[in-house]
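# Chain and residue survey
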Amino acid sequence: MRKVAVATSPWSVSLQKVARSIAQVFEEQKDDIGIDGVKLFLSQQASPTEYRDVDFTIVVMTFDPAFIKAYAYIVYFLKQQGKKAILYTTTEGKLMPVEGIDWIKKEISTYAVSEYTKEKLEKFGIKVSGIVYHGVDFQRFQSYPDARSLVREQLGFKEDDFVVGYIAGCYSRKGHDRYVEVIKTVYKIDPTIKFAILTSSKCSQIYGDAPNTVVLNDFGNLDDEEVEQIYQGFDVYAQASLSEGFGLPVLEALASGLPVIHTDYKPLSEITTKETSFRVPTRLIQYIQETGAIKYELHYYKISEFAEAIINAKNAITENREYYRQKALERAKEFDIHKVYNAFTQMVIRGEISHV
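Quick look at the structure, then. (Residues numbered from 1 in each chain as written. Predicted model: local features only at pLDDT ≥ 70, side-chain atom pairs only at ≥ 80, totals over all residues. Heavy atoms only, no water.)

The next subject is the sheet that holds strand 15 (residues 294–300). Strand order in the open sheet made by the three strands is 5-15-14, with antiparallel pairing throughout. Either end of the sheet is taken by a strand with one partner, and the two such strands are strand 5 (93–95) and strand 14 (284–288). Recorded for the sheet is a direction-independent mean angle of 20 degrees between the axes of neighbouring strands. Sheet topology places strand 14 next to strand 15; five bridges connect them, and they run antiparallel. Bridging from a neighbouring strand, Ile288 pairs with Tyr296 of strand 15. The strands touched by helix 5 (residues 115–124) within the sheet are strand 5 and strand 15, with strand 5 carrying the most contacts at an inclination of about 25 degrees. (Pairing = 2+ DSSP bridges. Helix = DSSP H or I, 4+ residues; strand = E, 2+ residues; numbered from the N terminus. Axes fitted to C-alpha atoms, helices over the stretch in contact; angles between N-to-C directions. Contact = heavy atoms within 4.5 Å.)

The following block contains the structure:
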């Protein structure tokens, strides 16, 4: 019997969460698969000694041409050693040419996290063997029956307050500066709606004069259980980001029984359905380069239309909360980790790993 390895970035909160979930599924099914354990690497570890007892490796990493080489090399190196390995990847816009990565286009085939990512990779010349959506451990999100009242008490909200939540890191593409204007607009129309934001300390300053808003600046410092419980204190989730390669918080919100307000663009519209979302039209697409070699594709919405969607969501959910809760849970079940990551365990069972 041999091992499976899962490797990812030491910096990305979402990628680490995905890597841990994949490792969990393999660990739970190890007897059926015929392996004796899982190794989890939170680094671009490519030392031959680390993979001596590994038959199959999944590398989870954003496809940024400026930073992908070290992670793609793990797949290439293992392939040369006669082992099986795949690159499971996401991206959020136009990929820019970088010297020294043509070998990736020739030697590596990827698995994309969404239709959107697949389209962007193939346009850049990267081979895509298939799509495996990110997953969520559905049952974990059902294990906090008392969290709603406790979270609201800690945040200073009353039980009958209508609370809109948003969880995101501090990048311009997460749209914090635009979302604060949405909050101010909502307040002018319906001052009873409350907002809760989980982000980093730098971005928390953006919400300094936002009415009815509580900001937690612990993004990246909380464990999974703490974040999962925070969702329970919301009535609806607003994904205010302008760009995503997948949008894991949207899936986590659905697993918490929350419908989602978001701008209508892929991949977000791949995750939600019309019954589980309040969609805001994309009115303008622009590109920015923050770091690396990705021109992030920003989907701009009208502030007034996003505010209107929040107000409409409040009215609809208040009138028929259980309907929206059940629809959200039903949709989240489609992305349970034991269902979506079964695609990877089946690769091991069949031994059908395509490299090129």
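Structure shown, so let's carry the discussion forward.
With that out of the way, let us pick up the environment of Asp64. Examined against the element boundaries, Asp64 turns out to sit in the loop between strand 3 (54–62) and helix 3 (69–80). Taking C-alpha positions, Asp64 is 8.5 Å from Met96, a pair spaced 32 residues apart along the chain. Setting aside residues no more than four positions away along its own chain, Asp64 makes contact with Thr291, Gly292, Ala293 and Ile294.

Enumeration according to the criterion identifies one disulfide in this entry. One disulfide in the model links Cys170 with Cys203; its S-S distance is 2.2 Å. Across the S-S bond linking Cys170 and Cys203, the dihedral sits near 80 degrees, which makes this disulfide right-handed. Taken together, the positions of Cys170 in the loop between strand 8 (162–167) and helix 7 (176–189) and Cys203 in helix 8 (residues 201–204) put the pair 33 residues apart, joining distant regions of the chain. The exposure class assigned to Cys170 is partly exposed, which follows from its relative accessible area of 25%. (Disulfide = S-S within 2.5 Å. Buried < 20%, exposed > 50% of the residue type's maximum accessible area, 1.4 Å probe, protein only.)

Before going further, it helps to spend a moment on the sheet that holds strand 11 (residues 236–239). Judged by pairing direction, the sheet is parallel, and its six strands sit side by side in the order 10-9-8-11-12-13 without closing on themselves. Among the strands making up the open sheet, the edge pair consists of strand 10 (213–216) and strand 13 (277–280). Looking at each pair of strands side by side, their axes are set apart by 20 degrees on average, direction ignored. Where strand 12 (residues 260–263) lies against strand 13, four bridges are found, and the strand directions are parallel.

The next point concerns the pattern of salt bridges. Pairing between side chains becomes possible if they bear opposite charge and their charged atoms approach one another. Within this structure, the stated rule accounts for 28 salt bridges. With its nearest N and O atoms 3.3 Å apart, the salt bridge here joins Asp55 to Arg2. Taken together, the residues Asp55 in strand 3 and Arg2 in strand 1 (residues 2–8) connect sequence positions 53 residues apart. By relative accessible area, Asp55 is classed as partly exposed at 38%. On the basis of relative accessible area, Arg2 is assigned to the partly exposed category, the value being 33%. With a shortest N-O distance of 3.1 Å, Glu92 and Arg173 are connected by a salt bridge. One end of the pair, Glu92, is in the loop between strand 4 (84–90) and strand 5; the other, Arg173, is in the loop between strand 8 and helix 7, with 81 residues separating them in the sequence. We classify Glu92 as buried; its relative accessible area is 13%. Taken together, the salt bridges that share partners define one network made up of Arg148, Arg152, Glu159, Asp235 and Arg321. (Salt bridge = Lys/Arg side-chain N within 4 Å of Asp/Glu carboxyl O.)

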